[in-house]
Amino acid sequence: MTEHELNLEGVACPMNFVKTRLYLDKMARGERLSVTLDAGEPVESVARSVTAEGHVVEEQSELSGSLWRLVIRKA
């Protein structure tokens, strides 16, 4: 299984989701993408949006007080 990483620290909404979606578009079904995001709206927005597109958020974890990681499996 292929794992990908995308660091979106400091990227403003809605570009977080746009960049995540563009990255997912290049991946094969079933591959996983680990995305590092700022806490708050970026994490909530990306998790909500990728789920709405049918992808699966397998993990949502706090890395530090200001950074979170989402692990997304491409549908």
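Everything here concerns the structure above.
Criteria and cut-off values
- Position labels on residues start from 1 in each chain and follow its written sequence.
- At least 70 in pLDDT is required for a residue's local features to be given in this predicted model, at least 80 for side-chain atom pairs to be given and counted, and no such filter applies to totals for whole chains, interfaces and linings, which use all residues.
- Hydrogen atoms and water are omitted, and side-chain values are computed over all heavy atoms in the structure.
- Any Lys or Arg side-chain nitrogen found within 4 Å of a carboxyl oxygen on Asp or Glu counts as a salt bridge.
- Helix numbers and strand numbers start at the N terminus; a helix is a DSSP run of H or I with at least 4 residues, a strand a run of E with at least 2.
- Relative accessibility under 20% of the residue-type maximum defines a buried residue, over 50% an exposed one, and the middle range a partly exposed one, all with a 1.4 Å probe and only protein chains included.
- Candidates for patches are residues over 30% relative accessible area with no salt bridge; among them, like charges are joined within 9 Å and nonpolar side chains (Val, Leu, Ile, Met, Phe, Trp, Tyr) within 5 Å.
- For the area figures, the Shrake-Rupley method with a 1.4 Å probe applies, and any residue is considered shielded solely by the protein chains shown.
- A strand pair is defined by DSSP finding two or more bridges across the two strands.
- Axes here refer to lines fitted to C-alpha atoms; in helices the fit is confined to the stretch in contact. Angles between the N-to-C directions go from 0 to 180 degrees.
- Here the nonpolar core consists of buried residues drawn from Ala, Val, Leu, Ile, Met, Phe, Trp, Tyr and Cys, with membership extended through side-chain atoms lying within 4.5 Å.
- Here a residue-residue contact requires only that any non-hydrogen atoms of the pair lie within 4.5 Å.
- Any pair of N or O atoms that falls within 3.5 Å is considered a polar contact. Within protein, one atom must be able to donate a hydrogen and the other to accept it, and sequence-neighbouring residues count only if both atoms are side-chain atoms.

This part covers the pattern of salt bridges. Taken as a whole and assessed by the stated rule, the structure comprises six salt bridges. Among the ionic pairs, glutamate 58 bridges to arginine 73, the shortest N-O distance being 2.5 Å. In this pair, glutamate 58 sits in strand S3 (residues 56–62) while arginine 73 sits in strand S4 (residues 67–73), placing the two residues 15 residues apart along the sequence. The class of glutamate 58 is partly exposed, set by a relative accessible area of 34%. Look at arginine 73 and you get partly exposed, because its relative accessible area is 23%. Between arginine 69 and glutamate 59 there is a salt bridge whose closest N-O contact spans 2.5 Å. On the criterion of sequence distance, the pair formed by arginine 69 in strand S4 and glutamate 59 in strand S3 is long-range, its members being 10 residues apart.

Another aspect to go through is a nonpolar patch on the surface. Together, Met15, Val18 and Leu22 make up a nonpolar patch on the protein surface, roughly 250 Å² of accessible area in all. Inspection of the secondary structure assignment puts valine 18 in helix H1 (residues 15–25). What makes valine 18 partly exposed here is its relative accessible area of 34%.

Taken together, the four strands give an open sheet; going across it, the order is S1-S2-S4-S3, and neighbouring strands pair in mixed fashion. With one partner strand each, in any of the chains shown, strand S1 (3–7) and S3 form the two edges of the open sheet. Geometrically, the sheet is characterised by an average inter-axis angle of 20° between neighbouring strands, direction not taken into account. Relative to strand S2 (residues 32–38), S1 runs parallel, the two sharing five bridges. Bridging from a neighbouring strand, glutamate 5 pairs with serine 34 of S2.

The subject of this paragraph is the nonpolar core. If you look at the biggest cluster of nonpolar residues, it comprises 15 residues, and the most contacted ones within it are Val35, Leu37 and Leu70. Going through the elements one at a time, H1, S2, helix H2 (41–52) and S4 are the ones with two or more residues in this core. Looking at this core element by element, the count peaks at four residues for H2. Non-local contacts of leucine 70, meaning those with residues more than four positions away in its chain, are made with Leu33, Ser34, Val35, Leu37, Val43, Val46, Ala47, Val57, Glu59 and Gln60.

Here the focus is the environment of glutamate 59. The partly exposed category is assigned to glutamate 59, whose relative accessible area is 28%. If we skip the residues at most four places from it in the chain, glutamate 59 touches Arg69, Leu70 and Val71. Within the structure, the side chain of glutamate 59 is placed 2.9 Å from the side chain of serine 61, a separation counted as a polar contact. Separated by 2.5 Å, the side chains of glutamate 59 and arginine 69 make a polar contact.

Geometric values such as these leave the question of function open.
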